[in-house]
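Secondary and tertiary structure notes
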Amino acid sequence: MPPRAESDPPQIGGVILAAGEARRFGSQKLVAPLDGRPLVQHVIDAANASCLEDIVIVVGPNADDLLGSVDVGRTRVVRNPDPGRGLASSLQTGLSALDPRLHAALILLGDMPGVTATLIGELVARGRETRATAVVSVWRGRRSPPVVLHKTLWPEAFGLEGDVGMREVLGTRAEVLELAVSDELGSLDDVDTREDHERLAGDVRSAFDRADGDPPPR
């Protein structure tokens, strides 16, 4: 990363969390096909096409099959040696691996294939313009990742334990900005079960049908 002038905008990296055990799905959900690509490839591609300065994807210790199924591009791979400790451990692994000169990190989940480079760009722009402690997405009335975390919040992330993220920490902060995610920016539907995957795959097929000239369903 090149030297930075004091007047330059804050530099923001990205962390893709992809070390979960997918118990509810029953197998490695991140390689489940969606629109011709593995599920997590959609997230990787969006991050790589975005303005994020440095990107890491956090995987488990036995992720060779996952990594053999995707093209990480400019994203760097880091391994969480014990993802069974919960989501907090993967968040901490990712933040620790980022370039220390960064000022903030955008946290992405590997099972949200509707994330787009446009959405990432909007979150990053809000973070740079306002220098807020955090910028959090709002999807269907609820706060959700992706979220921009300023570096001043990272010590609290390193204090977390178990299968928790930053939701409770951000809930106590008044200086958190919210970004309502419209359909134009993307979708934050996640995939926890096979039914979730089938529903999203059906949505993709319906979109292609309409693009080919079929009337939308009534």
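Positions within a chain are numbered from 1, following the residues in the order the chain's sequence is written. Where local features are concerned, this predicted model is filtered to residues with pLDDT of at least 70; where side-chain atom pairs are given and counted, the filter is 80 or more; whole-chain, interface and lining totals use all residues. Side-chain measures were taken over the full set of non-hydrogen atoms in the model, leaving aside hydrogen atoms and water.

**Notes on the sheet that holds strand β6 (residues 104–109)**
Pairing in this open sheet of seven strands is mixed, and the strands run β5-β4-β1-β6-β8-β7-β9 from one edge to the other. Single-partner strands in this sheet number two, and they are β5 (76–79) and β9 (176–180). Ignoring which end each strand starts from, the neighbouring axes of this sheet average 25° apart. The strands that helix α1 (residues 39–48) touches are β1 (12–17), β4 (55–59) and β6; relative to β4, the one it contacts most, it runs at about 160°. Most of the contacts of helix α4 (residues 117–130) go to β9, to which it runs at about 150°, and overall it touches β1, β6, β7 (134–139), β8 (142–150) and β9. In short, DSSP must find at least two bridges between two strands for them to pair. Only DSSP runs of H or I reaching four residues or more are called helices, and only runs of E reaching two or more are called strands; each is numbered from the N terminus. To obtain each axis, a line is fitted to C-alpha atoms, and for helices this fit is confined to the stretch in contact; angles are then taken between N-to-C directions over 0 to 180 degrees. Contacts are residue-level and defined by heavy atoms, with any inter-residue pair within 4.5 Å sufficient.

**A few points about the nonpolar core**
Here, the term nonpolar core denotes a set of buried Ala, Val, Leu, Ile, Met, Phe, Trp, Tyr and Cys residues that are joined through side-chain atoms within 4.5 Å. Burial classes follow relative accessibility: with a 1.4 Å probe on protein chains only, a residue under 20% of its type's maximum area counts as buried, one over 50% as exposed, and anything between as partly exposed. Ranked by internal contacts, the top residues of the largest apolar core, which has 64 residues, are Leu 95, Ile 107, Ile 120, Leu 149 and Met 166. In this structure, Leu 95 is in contact with Val 15, Ala 105, Ile 107, Trp 154, Ala 157 and Phe 158, ignoring residues within four places of it in sequence.

**Points about the pairing of β4**
Taken residue by residue, a regular strand's side chains alternate between the two faces of the sheet. For β4, the buried fraction is high: five of the five residues fall into the buried class. On β4, burial covers both faces: Ile 55, Ile 57 and Val 59 on one face and Val 56 and Val 58 on the other are all buried. Where β1 meets β4, four bridges bridge the pair, whose relative direction is parallel. For Ile 16, the partnering residue across the bridge sits in β4 and is Ile 57. Taken together, the four bridges between β4 and β5 define a ladder with parallel strand orientation. The partner of Ile 57 across the bridge, within β5, is Val 77.

**Quick notes on the environment of Val 58**
Along the chain, the position of Val 58 falls in strand β4. Overall, the relative accessible area of 0% leaves Val 58 in the buried class. Between the C-alpha atom of Val 58 and that of Leu 91, which follows or precedes it by 33 residues, the distance is 8.1 Å. Leaving out residues up to four positions away in the same chain, Val 58 has contacts with Val 15, Ile 16, Leu 17, Ala 18, Ala 19, Val 78, Asn 80, Ser 90, Thr 93 and Gly 94.

**Quick notes on the pattern of salt bridges**
The salt bridge criterion pairs a side-chain nitrogen of Lys or Arg with a carboxyl oxygen of Asp or Glu, the two atoms within 4 Å. The final tally for this structure, using the stated rule, is 14 salt bridges. A salt bridge links Lys 29 to Asp 111; the shortest N-O distance between them is 2.8 Å. With a gap of 82 residues between them, Lys 29 in the loop between β1 and β2 (33–34) and Asp 111 in the loop between β6 and α4 connect regions that are remote in the sequence. Assigned by exposure class, Lys 29 and Asp 111 land together as buried. Of the charged contacts, one joins Arg 173 and Glu 175 as a salt bridge, the two residues approaching to 3.3 Å between their closest N and O atoms. By relative accessible area, Arg 173 is classed as partly exposed at 26%. Residues participating in the shared-partner salt-bridge network are Arg 140, Asp 189, Asp 196 and Arg 199.

**Here's the deal with unusual backbone geometry**
Between Pro 145 and the following residue, Pro 146, the backbone shows a cis peptide bond with an omega angle of 5°. Within the secondary structure, Pro 146 is located in strand β8. The backbone phi angle of Arg 131 is positive, close to 55°, even though this residue is not glycine. With respect to the secondary-structure elements, Arg 131 resides in the loop between α4 and β7. Positive phi values are uncommon outside glycine, yet Arg 140 reaches one of about 55°. Its place among the elements puts Arg 140 in the loop between β7 and β8.

**Here's the deal with α1**
Where burial is concerned, most of α1 is hidden: nine out of the ten residues are buried. Burial in α1 covers these residues: Leu 39, Val 40, Gln 41, His 42, Val 43, Ile 44, Ala 46, Ala 47 and Asn 48.

**With respect to α4**
Expected span, for any helix, means 1.5 Å times one less than how many residues it has. Here α4 is 14 residues long and its end C-alpha atoms lie 20 Å apart, about the 20 Å a rise of 1.5 Å per residue gives. Of the residues making up α4, those classed as buried are Leu 119, Ile 120, Leu 123, Val 124 and Gly 127. On an axial view of α4, the arc spanned by its buried residues comes to 130°, and they lie on one face. In this fold, the buried residues of α4 make contact with β1, α1, β6, β7, β8 and β9. Looking one or two residues beyond α4, the residue adopting positive phi is Arg 131, at roughly 55°. When we speak of the arc, we mean the arc of directions from the helix axis to the C-beta atoms.

Any functional reading would require information that these geometric values do not contain.
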